[in-house]
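Working through the structure, step by step
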Amino acid sequence: MKETKSNLSLIVRTIARVVARLMLIFGLYVIFHGQITHGGGFAGGVIIALVLILLLLAYGKETSFPKLSQDKILFMAGSGALVLLLIEIVEFVKGQFFTNLLGTGTPYKLWSGGVIPFCNLAISLVVIAGLYGIYVTLVTFRSNEEQK
């Protein structure tokens, strides 16, 4: 990220950048292994939303808001909801509802969950957008109240 005038020191920003990368990898692991281990779309989405919040705290609004604008957040939430809707429409057309329209594969293998990995990814997009959007709204609301 671009260096900005922040109240936090260079050490804090550097450590936040390193920790954010590790948290991002762990969040993606939780999302994509959710069908064979504990976790899934919601838990992984919370972890990745916390990565975005950590970077927002470390680098400030001036750097973070342009990189992840409101339009990008709305697109992320909408695309996650659209993927879930499309999966269920395809299943409904096939005469099923909330069932596995793909093969189940071999148990305990990464791609053995049928549509569950896709649902986990879609849910994570909605959760990331929702939690980050709530945090940004609270920060913006507080900033506007302090200016009055």
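Residues numbered from 1 in each chain as written. Predicted model: local features only at pLDDT ≥ 70, side-chain atom pairs only at ≥ 80, totals over all residues. Heavy atoms only, no water.

1. With respect to a nonpolar patch on the surface
Together, Leu82, Leu85, Leu86, Ile89 and Val93 make up a nonpolar patch on the protein surface, roughly 480 Å² of accessible area in all. The partly exposed category is assigned to Leu82, whose relative accessible area is 47%. (Patch = residues over 30% accessible without salt bridge, like charges linked within 9 Å, V, L, I, M, F, W, Y side chains within 5 Å. Areas by Shrake-Rupley, 256 points an atom, 1.4 Å probe, with all protein chains shown as cover. Salt bridge = Lys/Arg side-chain N within 4 Å of Asp/Glu carboxyl O. Buried < 20%, exposed > 50% of the residue type's maximum accessible area, 1.4 Å probe, protein only.)

2. Quick look at the environment of Gly113
With respect to the helices and strands, Gly113 occurs in the loop between α4 (70-93) and α5 (116-147). With relative accessibility at 10%, the residue Gly113 sits in the buried group. Spatially, the C-alpha atom of Gly113 lies 5.8 Å from that of Gln35, the residues being 78 residues apart in sequence. (Helix = DSSP H or I, 4+ residues; strand = E, 2+ residues; numbered from the N terminus.)

3. A few points about α4
For α4, with 24 residues, the first-to-last C-alpha span of 34 Å sits near the 34 Å given by 1.5 Å per residue. Of the residues making up α4, those classed as buried are Ile73, Met76, Ser79, Gly80, Ile87, Glu88 and Glu91. Positive backbone phi, at 85°, marks Gly95, one or two positions downstream of α4. (Expected span 1.5 Å × (residues − 1).)

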